[in-house]
Protein chains: 2
Amino acid sequence: MNKKLLAAGLALALGAGYTLGAIAQVKPEILVKQRQSAMTLIGKYWGPLGGMAQGKVPYDANVVARNAGFLDALSKMPWDGFDPSTQGEKTAALPEIWKDGAKFKAAQEFLQGNIVKLVSTARGGDEGAVKAALGDVGKACGGCHNTFREKR
Amino acid sequence: MNKKLLAAGLALALGAGYTLGAIAQVKPEILVKQRQSAMTLIGKYWGPLGGMAQGKVPYDANVVARNAGFLDALSKMPWDGFDPSTQGEKTAALPEIWKDGAKFKAAQEFLQGNIVKLVSTARGGDEGAVKAALGDVGKACGGCHNTFREKR
């Protein structure tokens, strides 16, 4: 049973687009699916925090701390999915991503830096400071989308 | 510009299915998209580790440590998406999920426990112990899928 289940787990992983021995060569449509999945989850955990930043959702320090931790991990996940091989896929990614890779990378790092600040601010527990940190994260999201993502 | 960008970030979050003031009531199709996104990313970061467990991908302690950390966060994300409201959606989720919630929850906790073990084992750095821990995670994935997910 053990080997069978391990094999099942592996088959699952392989089904996700990996070919053993060529892990690095993930199909473009899988890369897109993976990066969009990261964005979907960033939206899931950012949603309530964005509402709190605007005072439209009641402030909840526990939700902020939990979601900030999740966002810290998630904000590292989309970027290797923006591989040049995905340029032919139908997505909202704008050509600016490929034209100015340094600027795109800087926008990623700006988001990650602001999330790291949010995580540490949330530990401190000062609501005003946390809301300011939330605002900075929201600006990092919006700024990158304005430049690198098709308006929808 | 700051307010505009914050609003853009918020609109993005809201676009993901949140309605302010009713954050808890996320649409079933969004819940499904979010839980499937978590599974997609679990597949992304488990893929190479499953290969290492079987000796088909070269062992890389740094990849194990990084991916184990990601999986630690990701393994907490799918479950609130299995809301009864999603039973009408077209997915691979089997009715067993709703018939035996306690067993489904136990399977989630079995996975999370094995990932926590993997994270701490990876810190120790012993390759044999890490591979055994990887095998246990793979079994937890496969065991849950065997019971609660449609074969495809």
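Residues numbered from 1 in each chain as written. Chains lettered and ligands numbered in written order. Predicted model: local features only at pLDDT ≥ 70, side-chain atom pairs only at ≥ 80, totals over all residues. Heavy atoms only, no water.

A. Main features of the pattern of salt bridges. Residues and elements named next belong to chain A. Enumeration according to the criterion identifies 12 salt bridges over all chains in this entry. Linking D136 and K139 is a salt bridge whose minimum nitrogen-to-oxygen distance equals 3.3 Å. On the criterion of helical spacing, the pair formed by D136 and K139 is a turn pair, its members being three residues apart in helix α6 (residues 127–148). (Salt bridge = Lys/Arg side-chain N within 4 Å of Asp/Glu carboxyl O. Helix = DSSP H or I, 4+ residues; strand = E, 2+ residues; numbered from the N terminus.)

B. Focus on the packing of helix α5 (residues 101–124) of chain A against α6 of chain A. Residues and elements named next belong to chain A. The contact between α5 and α6 brings their axes to 9 Å, and the two run at 165°. When the axis of α5 is compared with that of α6, the two are roughly antiparallel. In this structure, α5 crosses over α6, and the sense of that crossing is left-handed. Contacts between α5 and α6 involve K103, F104, A107, F110, L111, N114, I115, K117, L118, T121 and A122 on the former and, on the latter, A129, V130, A133, L134, D136, V137, A140, C141, C144, T147 and F148. (Axes fitted to C-alpha atoms, helices over the stretch in contact; angles between N-to-C directions. Parallel < 35°, antiparallel > 145°, perpendicular 65-115°, else oblique. Left-handed = near helix turned anticlockwise from the far one by under 90°. Contact = heavy atoms within 4.5 Å.)

C. View of the environment of K99 of chain A. Residues and elements named next belong to chain A. Within the secondary structure, K99 is located in helix α4 (residues 96–99). The exposure class of K99 is exposed, given its relative accessible area of 65%. With 53 residues separating them in the primary sequence, K99 and W46 have C-alpha atoms 28 Å apart. (Buried < 20%, exposed > 50% of the residue type's maximum accessible area, 1.4 Å probe, protein only.)

D. Layout of the packing of aromatic side chains. Residue and element names in this part refer to chain A. Under the counting rule described, the total for this entry stands at 10 aromatic pairs over all chains. Between Y45 and F70, the aromatic rings sit 4.8 Å apart at their centres with planes inclined by 65°, giving edge-to-face as the arrangement. On the criterion of sequence distance, the pair formed by Y45 in helix α2 (residues 28–53) and F70 in helix α3 (residues 61–74) is long-range, its members being 25 residues apart. Just as Y45 is buried, F70 falls in that class too. Aromatic rings pair up to connect W79, F82, F104 and F148 into one cluster. The ring centre of F82 lies 4.2 Å from the NZ or CZ of R35, which sits over that ring. (Phe/Tyr/Trp six-rings, centres within 6.5 Å; stacked < 30°, edge-to-face > 60°. Lys NZ or Arg CZ within 6 Å of the ring centre and 35° of its normal.)

Scope: geometric values only; no functional claims are made or implied.
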